[in-house]
Amino acid sequence: CSQMEGFPKGYGYVPCIAGKPNNPEFTSTRINPGEGLGPRGQVRVHMREFSWPDRDCDPYWSTRTTTNGTYWGRFKARNPYYSGRIMRVKTGFIDPAGYSENDFRTRTYFIHDISGPNISGDIVVTGKDLLTNTDPKKTECPITANGVLTSTITVLDSPNQLTVTHNDDVYPTSSPSAGAVRIGDEIISFTGVTINSPQTTYTLTGLTRGAWNTDADDHTAGDTVQICYLMNGRIVVDVLYDLLTNYAGIDSAYIDYTQGSPEGQWDEEKRIWFTGYTLNNIISEPESIHDIIKNICQSTNMEMWWDDVNQTVKIKANMPPTVQPSTYTMNDHIIEGSLKIKDIPKKRVSDVRVYYDKIDHTGDDQPANYNIVDVDIDTDAESADEYNEKAKKQIFARYFDATNGGQAAGTGGRILNRYRNIPREYEWEMDARDEELTVGDLCFVESLCDQNPTGGYLGAQIQILEVKEVTPGHRYRYKGLTAEFTGRYGNILSLIHISEPTRPPSTSRMPSSA
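A quick note: this is a predicted structure, and the numbers were derived from the prediction, not measured.

S.K.: Just give me the short version of the overall build of the chain, but keep the residues and values in it.
M.R.: Check the secondary structure of the chain and you find six helices and 31 strands. Counting all 514 residues of the chain, 48% fall into the buried class. Sequence-distant contacts, at least 24 apart, represent 68% of the contacts inside the chain between residues at least 6 apart. In the form shown here, the chain has an accessible surface area of approximately 24,800 Å², with 48% of it arising from carbon and sulfur atoms.

S.K.: Run through the environment of Tyr202, naming residues and quoting values.
M.R.: Here Tyr202 lies in strand E12 (residues 201–205). You can call Tyr202 buried: its relative accessible area is 3%. Residues Tyr202 and Leu162, 40 residues apart in the sequence, show an inter-C-alpha distance of 8.2 Å.

S.K.: Describe the confidence of the model for the chain, with residues and values.
M.R.: Chain-level statistics for the chain give a pLDDT mean of 85 and a share of 88% at 70 or above. This model gives residues 487–497 a pLDDT under 50, and the stretch forms 26 contacts once residues within four places in sequence are excluded. Of the regions scoring below 50 in pLDDT, residues 502–514 engages in 25 contacts with residues more than four places distant in sequence or in other chains.

S.K.: Quick rundown of the packing of aromatic side chains? Include the residues and the values.
M.R.: In total, this model carries 16 aromatic pairs according to the counting rule given. Aromatic pair Tyr254 and Trp306: ring centres 5.7 Å apart, planes at 75°, arrangement edge-to-face. Taken together, the residues span a long stretch of sequence, with Tyr254 in the loop between helix H2 (236–247) and helix H3 (265–274) and Trp306 in strand E20 (residues 302–307) at a distance of 52 residues. Like Tyr254, the residue Trp306 is buried in the burial classification. Here a set of aromatic residues connected by ring pairs shows up, and it is made of Phe50, Tyr71, Trp72 and Phe75.

S.K.: Explain the nonpolar core residue by residue, including any values.
M.R.: Core analysis: the biggest nonpolar cluster contains 72 residues, and Trp266, Met304 and Trp428 have the highest contact counts within it. Take this core: its biggest share by element is seven residues, from H2. Here Trp428 is in contact with Ile334, Ser338, Leu339, Leu437, Cys443, Val445, Ile462, Ile464, Tyr476, Arg477 and Tyr478, once residues within four sequence places are set aside. With 17 residues, the next largest nonpolar core counts Val14, Val45, Phe50 and Tyr71 among its residues.

S.K.: Go over the sheet that holds strand E5 (residues 122–128) with me, naming the residues and quoting the values.
M.R.: Strand order across the open sheet formed by five strands is E1-E2-E5-E4-E3, with antiparallel pairing between neighbours. Edge positions in the open sheet fall to strand E1 (25–27) and strand E3 (86–91), since each of these has one partner strand only. On average, each strand axis in the sheet is inclined to that of its neighbour by 35°, with strand direction left out of account. Strand direction decides the pairing type here: strand E2 (residues 42–48) and E5, joined by seven bridges, are antiparallel. From the neighbouring strand, Val45 faces E5, where its bridge partner is Val125. Together, E2, strand E4 (105–115) and E5 form the strand contacts of helix H1 (residues 71–78), whose direction differs from that of E4 by roughly 80°.

S.K.: Describe the packing of H2 against H3, with residues and values.
M.R.: Packing of H2 against H3 leaves a shortest axis separation of 10 Å and a crossing angle of 145°. Of H3, the residues touching H2 (which contributes Val236, Val237, Asp238, Leu240, Tyr241 and Leu244) are Trp266, Lys270 and Phe274. For the contact of H2 with H3, the residue count by class is seven nonpolar, no polar and two charged.

S.K.: Pulling in residues and values, what's your account of H1?
M.R.: Burial in H1 covers these residues: Tyr71, Trp72 and Arg74. Seen end-on, H1 carries its buried residues on one side only, within an arc spanning 160°.

S.K.: Explain the environment of Ala221 to me, using residue names and the numbers behind them.
M.R.: Take Ala221: it is sitting in the loop between strand E13 (208–211) and strand E14 (224–227). Given a relative accessible area of 44%, Ala221 falls into the partly exposed group. Apart from residues lying up to four places away in sequence, Ala221 is in contact with Leu149, Thr150, Ser151 and Thr152.

S.K.: Requested: an account of the sheet that holds strand E23 (residues 340–343), with residues and values cited.
M.R.: Taking strand neighbours across the sheet as the criterion, the six strands line up as E22-E28-E29-E30-E27-E23 in an open arrangement whose pairing is mixed. Since the sheet does not close on itself, it has two edges, and those belong to strand E22 (326–329) and E23, each with one partner. Each strand axis lies, on average, 35° off the axis of its neighbour in the sheet, ignoring direction. Bridge analysis of E23 against strand E27 (residues 424–431) gives four bridges, and the strand direction is antiparallel. Residue Lys340 lies in a different strand from E27, and its bridge partner there is Glu427.

S.K.: Got a sec to walk through empty space enclosed by the protein? Specific residues and values, please.
M.R.: Across all of its chains, the model carries one cavity of 30 Å³ or more by this definition. Within this model, the largest cavity holds a volume of roughly 30 Å³. If you trace the largest cavity, you find it lined by Thr29, Arg30, Leu37, Gly38, Pro39, Arg40, Asp129, Leu131, Met304, Trp305 and Trp306. Looking at the lining of the largest cavity, its residues break down into six nonpolar, two polar and three charged.

S.K.: Tell me about unusual backbone geometry, and please be specific about residues and values.
M.R.: At the junction of Gly116 and Pro117, the peptide bond is cis and its omega measures out at 0° in the coordinates. Inspection of the secondary structure assignment puts Pro117 in the loop between E4 and E5. Of note, the bond from Cys141 into Pro142 is cis; its omega dihedral lies within 30 degrees of zero at -10°. Along the polypeptide, Pro142 turns up in the loop between strand E6 (140–141) and strand E7 (147–149). Phi at Asn213 takes a positive value of approximately 65°, unusual for a residue other than glycine. With respect to the helices and strands, Asn213 occurs in the loop between E13 and E14.

Thresholds, definitions, all that
- What you see as residue numbers is a count from 1 along each chain, following the sequence as written.
- Only residues with pLDDT of 70 or above have their local features reported here, since the model is predicted, and side-chain atom pairs are shown and tallied only from 80 upward, although totals for entire chains, interfaces and linings are computed over all residues.
- As a rule here, side-chain values cover all heavy atoms of the structure and leave hydrogens and water aside.
- Secondary structure is summarised from DSSP: a helix means a run of H or I of at least four residues, a strand means a run of E of at least two, and numbering begins at the N terminus for each.
- Per-residue accessibility, obtained with a 1.4 Å probe over protein chains only, is compared with the maximum for each type, and a residue is labelled buried under 20%, exposed over 50%, and partly exposed between these values.
- In what follows, residue pairs with any heavy atoms lying within 4.5 Å of each other are defined as contacts.
- The method behind every accessible area is Shrake-Rupley, applied with a 1.4 Å probe, and residues are considered shielded solely by the protein chains displayed.
- Confidence of the predictor at the level of single residues is captured by pLDDT, which takes values from 0 to 100.
- Between rings of Phe, Tyr and Trp, where Trp is taken as its six-membered ring, a pair exists when centres lie within 6.5 Å; planes separated by under 30 degrees are stacked, by over 60 edge-to-face, and by other angles tilted.
- We call a set of buried residues a nonpolar core when its members are Ala, Val, Leu, Ile, Met, Phe, Trp, Tyr or Cys and they connect through side-chain atoms within 4.5 Å of each other.
- Being paired, for any two strands, means DSSP has found at least two bridges between them.
- Note on geometry: axes are C-alpha line fits, over the in-contact stretch for helices, and angles between N-to-C directions span 0 to 180 degrees.
- Classification convention: Asp, Glu, Lys, Arg as charged; Ala, Val, Leu, Ile, Met, Phe, Trp, Tyr, Cys, Pro as nonpolar; all other residues, Gly among them, as polar.
- Note: the arc covers the axis-to-C-beta directions of the helix.
- Grid points spaced at 1 Å over the protein atoms alone were grouped into cavities, where a 1.4 Å probe fits but cannot get out, and pockets, open sets with protein on both sides within 12 Å along at least five of seven lines, with lining residues defined by an atom within 4 Å of a point.
- Grid points are joined across faces, edges and corners, and a volume is the space filled by probe spheres set on the points.

This is the structure we're talking about:
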């Protein structure tokens, strides 16, 4: 509540929000179709400092010897570890007939910082959405290990076991536990772990040297031993869930994935689109969770975002709708004068190349480091009768190998299906009665601004990219991108589809049995 607001009595609310335009300041979550995680949402709430006797907000107020200072000054001194705590922002209008929280829209963020108070008594509380937990400076997979080799091995040695000394909990803590470690540029797989006493050393057994197409090498005592992350043919949705909950530290309560009955939002996407999508590869050195999820989303043609209203992480396949989307028109829904449409030519695609089956799992993403490239080309779109130019896109599907490459191969065709023609971005505003339309949804928009060759309403299917509350509780602004799924799944006569090796097969770097 602002200090001038007639806020309701009996709720313990503290009136400290500064009365200024556009406060709170919302930056909307935005999905970026085909590119993984988009820009994350945040909120900035400007507040004013004030004196307060501590009652109703400090459970220890009766035991304190003094209540000098101000509310926010004391708050920050008493709560130095506020970062990451839940922050809920409620927006709406108080009905003169009576207050009800149901009249307010609640958004959930997590505190990033509290700036102030300054000499003028200004405070700004910034909250960010939950997926900021995946940012490079915060989380990684696999976790950086500080294990070291206890004895020297040469390129010619074939030891039955390796002993690792460490002082963290990254290494397996039960036996047996199969996996892989990386020492220098060599990956060594193992089938068992023996925990020694005290638990600062582990012995890895059942070794395969030069695993995952790497070369055996010399290693000396004291070399770093990095545990690797194996996907082992798990379904893509399960891998994403594991990365978020076990590596990004996101509470499973914020992911609607029951893995049973009733189905959650993740369960439904998995059942309809991703049941057969498995990942079967290795991450041999720490990478940011953000970069891993981005590559998975690009390779499987899906989006992931934080829904701040429903307090959940959502995923969505870049596929046609399974139910008929709602239609919105200028006569019945769109506020007059608010609709804007513009072409986005840089997102058009006519040539998609998906590289998979990585050769050197310690190397970079370059075409020469992949065994297979899947090529999808729409020759009609590139012809002189149409766009008369190529529009290339390449994807390095690093978590697909030759055993599940067919899944990666289908990605190119689906991208062409959506981006073969120049996409258009729509922006419009609607009243709160249509607020059920949220990020990721598909809808139809009809207007005179978008016509067919005979001048009639063309109507376009739109995927909502972001939603912004313009007037709290009353008016919303929507941005979306055309999502014209024309049903051309591999049956376009002019479509060239090729799967071919990127280089002649090597006889010296064959896949290992790891």
